[in-house]
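# Reading the structure
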Amino acid sequence: MTATTNTEHVTATGPAGPRRRKPTWVILQQALQYALMVLLALFCVVPFAWVALTAVDADGGPTASLPTFTLDNFVRFFTDGATPRLFLNSIVVSFAATALNLACGVLGAYALSRYRFRGRRTFMFAILLIRVIPPPATIVALYLLMVKIQLDDSYIGLILVEASAALPITLWLLKGTIDAIPFELEEAAWLDGSSRFGAIGRIILPLVGPGLGAAAMLTFMAVWGDFLTPLVLLQSPDLYPLSIGLFRSFTAFNQVDWGVLAASAVVYMAPPAVLYLFLRRHLMRSSLGGALKS
């Protein structure tokens, strides 16, 4: 009978005794935290909601409202003489700069990972220092350099600048990935008759896939969203990317076609989102671990 009574007492009060009620200040603190989270979420979501609603609104304006559904804004975006060209320019520059960045990044990261030379660690940190310097601080000197070699106002000059600007992060990312690949695998490929470049193609590239995917995503997003570099290096409107096209449309405040502007923003967000869907596994699997190894 005593055992039964004790069991009922433990069940009623819990094994650790009766629950303590949270202090009022703790409840208020948690409520304030949740309120701030909701406000931050609204701050992030509302601009996207305005873009999405205005893009399909026949009477789109600067304020968000229930849309009169239409796809005419997207039709006008792709049939207008200027906007498809801006979109194509962004595609060409972004993919070309990403491809060049990855090609140079793989070879450079392989050399930094496999070759031992004096000052390698210092050289790696010097490379990273390039990313610490704000781009506006060097954009004038960069423009004068492009003018000197006659690559200003051209696809080639912009692609070279964009690819080189993202190269430090790519080198650090891929070096860490290559460091994790056993060197014995390359030696085995050499014994089978492969050259060093053949071993890179047969061994390194298949195993460095997660790092390549992450580097490709980071580089593409950096080039796709860059505004300052093409604004300074390009003078011909026919070469402008879509980022400058959106800016020029918005600055003409009295003549803004809000529907087409919102449709342009939706199209502008689409390529990075699609690329992320394809590369998200590589982004999760990649790691910067080992990038600091000597």
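Residues numbered from 1 in each chain as written. Predicted model: local features only at pLDDT ≥ 70, side-chain atom pairs only at ≥ 80, totals over all residues. Heavy atoms only, no water.

## A word on the overall build of the protein
Heads up, the rule is: Helical segments are the DSSP runs of H or I of at least four residues, strand segments are the runs of E of at least two, and each set is numbered from the N terminus. The classification of residues rests on relative accessible area computed with a 1.4 Å probe and restricted to protein chains. Under 20% of the type maximum is buried, over 50% is exposed, and intermediate values are partly exposed. Note on areas: Shrake-Rupley with a 1.4 Å probe; residue coverage comes only from the protein chains shown.
For the protein, the helix and strand inventory stands at 14 helices and zero strands. Along its sequence from the N terminus, the protein presents helices and strands in the succession α-α-α-α-α-α-α-α-α-α-α-α-α-α. Within the protein, the proportion of its 294 residues that are buried is 36%. With an accessible surface of roughly 18200 Å², the protein has 69% of that area assigned to carbon and sulfur atoms.

## Re the side chain of threonine 170
Using the following cut-off: Whether two residues touch is decided by their heavy atoms; if any such pair falls within 4.5 Å, the residues are in contact.
Following the sequence through the fold, threonine 170 ends up in helix H8 (residues 167-179). Under the relative-accessibility criterion, threonine 170 is labelled buried at 2%. The contact partners of threonine 170, leaving out residues within four places of it in the chain, are Asn101, Leu102, Gly105, Ala215 and Thr219.

## Focus on the confidence of the model for the protein
Inclusion rule: The pLDDT value tells you how sure the predictor is about a given residue, anywhere from 0 up to 100.
Put simply, the protein has an average pLDDT of 82, and 87% of its residues get 70 or more. Element-level pLDDT for the protein is lowest in helix H1 (residues 2-13), with a mean of 49, against a maximum mean of 93 in helix H7 (residues 155-165). Overall, residues 7-12 carries pLDDT values under 50, and its contacts beyond four positions in sequence, including any with other chains, amount to one contact.

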